[in-house]
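Residue-level structure breakdown
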Amino acid sequence: MQQISDYELELMKIIWANGGTALYADIFKGLEDKGTPWTKNTIITLSSRLIEKGFLTTNKIGRRNEYKAIVSAEEYQSAQTMQFVNKIYEGDMKNFVSMLIDNRMLSPTDYEELLKRWREGERENE
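We now turn to the structure provided with this report. Every value quoted in this text rests on a predicted model; they were computed, and no experiment measured them.

The next thing to look at is the packing of helix α1 (residues 6–17) against helix α3 (residues 40–52). Relative orientation of the contacting elements α1 and α3 amounts to 90°, with a least axis distance of 10 Å. Between α1 and α3, the interaxial angle falls into the category roughly perpendicular. For the pair α1 and α3, contact is made by Y7, E8, L11 and M12 and by I43, L46, S47, R49 and L50, respectively. Among the residues making up the contact of α1 with α3, the classes are represented as six nonpolar, one polar and two charged.

Take a look at the structure:
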């Protein structure tokens, strides 16, 4: 999966938060609510790039464009996490998690919650 710029990601976050579809007005309002209003040309340019990269499609609704996410937030997060782990930790997820624990980025409570989630997932796969 292609990587997207920080600005493209901001646009995608708004679309994802809007249930995976958004009109230009929804995107504009989402950016405005975040305190980062962009010009119409910027939004259209970034949307076009995301369409070219295979992240969005567009449908005409009257005279307006509706943007629809092809890639979900979860798919993007998963792909970017794997790319990061492969690049920095040579694919060794154990070393990545160890670093999180060693540097207290995961609290004991976080660890217990993750362990519970792991066990629930194992039961679902049985």
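Right, let's get into the side chain of Q80. Within the secondary structure layout, Q80 lies in helix α4 (residues 73–89). Leave out the neighbours within four places in its chain, and Q80 touches Q2 and Q3.

Our focus in this paragraph is helix α2 (residues 24–33). Those residues of α2 that fall on the buried side of the exposure criterion are I27, G30 and L31. Viewed end-on, α2 has its buried residues packed into an arc of 95°, placing them on one side of the element. Against the buried residues of α2 lie α1, β1 (21–23), α3 and β3 (64–69). Trailing α2 by a residue or two, G35 shows a phi angle of about 80°, which is positive.

Throughout the structure, instances matching the rule amount to seven aromatic pairs. Ring centres of F84 and Y89 lie 6.1 Å apart, and the angle between their planes is 65°; this geometry places the pair in the edge-to-face category. In this structure an aromatic cluster arises from ring pairing among W16, F55 and Y76. Of note, K40 hangs over the ring of Y24, and the distance from its end group to the ring centre comes to 5.8 Å.

Two elements, β1 and β3, share three bridges in a ladder whose sense is antiparallel. Counted as the bridge partner of T21 is K68 from β3. In terms of strand pairing, strand β2 (residues 56–61) meets β3 through six bridges, oriented antiparallel. Each bridged residue has a counterpart across the sheet, and for N59 the counterpart in β3 is E66. Here β2 folds back onto β3 in antiparallel fashion, the turn holding two residues, of which G62 has a positive phi close to 65°.

Criteria and thresholds
Residues numbered from 1 in each chain as written. Predicted model: local features only at pLDDT ≥ 70, side-chain atom pairs only at ≥ 80, totals over all residues. Heavy atoms only, no water. Axes fitted to C-alpha atoms, helices over the stretch in contact; angles between N-to-C directions. Helix = DSSP H or I, 4+ residues; strand = E, 2+ residues; numbered from the N terminus. Parallel < 35°, antiparallel > 145°, perpendicular 65-115°, else oblique. Contact = heavy atoms within 4.5 Å. Nonpolar A, V, L, I, M, F, W, Y, C, P; charged D, E, K, R; others polar. Buried < 20%, exposed > 50% of the residue type's maximum accessible area, 1.4 Å probe, protein only. Arc of directions from axis to C-beta. Phe/Tyr/Trp six-rings, centres within 6.5 Å; stacked < 30°, edge-to-face > 60°. Lys NZ or Arg CZ within 6 Å of the ring centre and 35° of its normal. Pairing = 2+ DSSP bridges.

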